[in-house]
Amino acid sequence: MILLSLSDEIDPLIYSPRLRVLFSKVDLVISCGDLQNHYLDYVVCQLDKFLFFVEGNHVTIQEDGKYDSAQKFHGGFDLHCKVNHYGNFLMAGVAGSLRYSGGPFQYSESEMWLH
């Protein structure tokens, strides 16, 4: 199985009209966080492949206390605190990251285990 794993930054090689040609053999897309929904939507629509994702630790908190989430994205499966079989693979994930600056969506090691 060939995976396309994405995280943190929009890559101009992927966010291009040549995506289908360059990544035609990809079987599955995995987003490891901190990517905008329009980018993930573009990749999934162009490749016509399934997406697994988790939120990153840079999710934007809005004025109403809600956060801008990839969960609004309808083209994939959120792996946060879940396990899912995909073919012969077992997929699992936890959103956010280990604490490094005290920001939101950052957790201590024990908090990560509790998720």
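Computed from a predicted structure; not experimentally measured.

Visitor: Help me understand the pairing of strand β5 (residues 82–86) in this model?
Guide: Regular strands place their side chains on alternate faces of the sheet. Pairing geometry for β5 and strand β6 (residues 89–93), over five bridges, is antiparallel. Its bridge partner being in β6, V83 is matched across the sheet by A92. Here β5 folds back onto β6 in antiparallel fashion, the turn holding two residues, of which G87 has a positive phi close to 60 degrees.

Visitor: How do you make sense of the nonpolar core when you look at a structure like this?
Guide: Generally speaking, soluble globular proteins have nonpolar side chains that are buried together. Core analysis: the biggest nonpolar cluster contains 15 residues, and L4, L6, I14, F23, V29, V43 and L47 have the highest contact counts within it. Of all elements in the fold, only β1 (3–6), α2 (37–47) and β3 (51–53) reach the threshold of two or more residues within this core. With near-sequence residues (within four places) excluded, V43 lies in contact with L4, L6, I14, L19, V29 and D48. Grouped together as the second largest cluster of nonpolar side chains are six residues, I30, V54, L79 and M91 included.

Visitor: Would you mind showing me how to read a nonpolar patch on the surface here?
Guide: A surface patch of nonpolar side chains, amounting to about 290 Å² of accessible area, comprises M1, L3 and F89. Within the secondary structure layout, L3 lies in strand β1. For L3, a relative accessible area of 43% translates into the label partly exposed.

Visitor: Help me understand the environment of L6 in this model?
Guide: In this structure, L6 sits in strand β1. On the accessibility criterion, L6 (5% relative accessible area) is buried. Considering only alpha carbons, one finds L6 and L35, 29 residues apart in sequence, at a separation of 8.0 Å. For L6, the contacting residues outside a window of four places in its chain are I14, V29, I30, S31, C32, G33, L35, Y39, L40 and V43.

What counts and what doesn't
- Residues numbered from 1 in each chain as written.
- Predicted model: local features only at pLDDT ≥ 70, side-chain atom pairs only at ≥ 80, totals over all residues.
- Heavy atoms only, no water.
- Pairing = 2+ DSSP bridges.
- Helix = DSSP H or I, 4+ residues; strand = E, 2+ residues; numbered from the N terminus.
- Core = buried A, V, L, I, M, F, W, Y, C linked by side-chain atoms within 4.5 Å.
- Buried < 20%, exposed > 50% of the residue type's maximum accessible area, 1.4 Å probe, protein only.
- Contact = heavy atoms within 4.5 Å.
- Patch = residues over 30% accessible without salt bridge, like charges linked within 9 Å, V, L, I, M, F, W, Y side chains within 5 Å.
- Areas by Shrake-Rupley, 256 points an atom, 1.4 Å probe, with all protein chains shown as cover.
- Salt bridge = Lys/Arg side-chain N within 4 Å of Asp/Glu carboxyl O.

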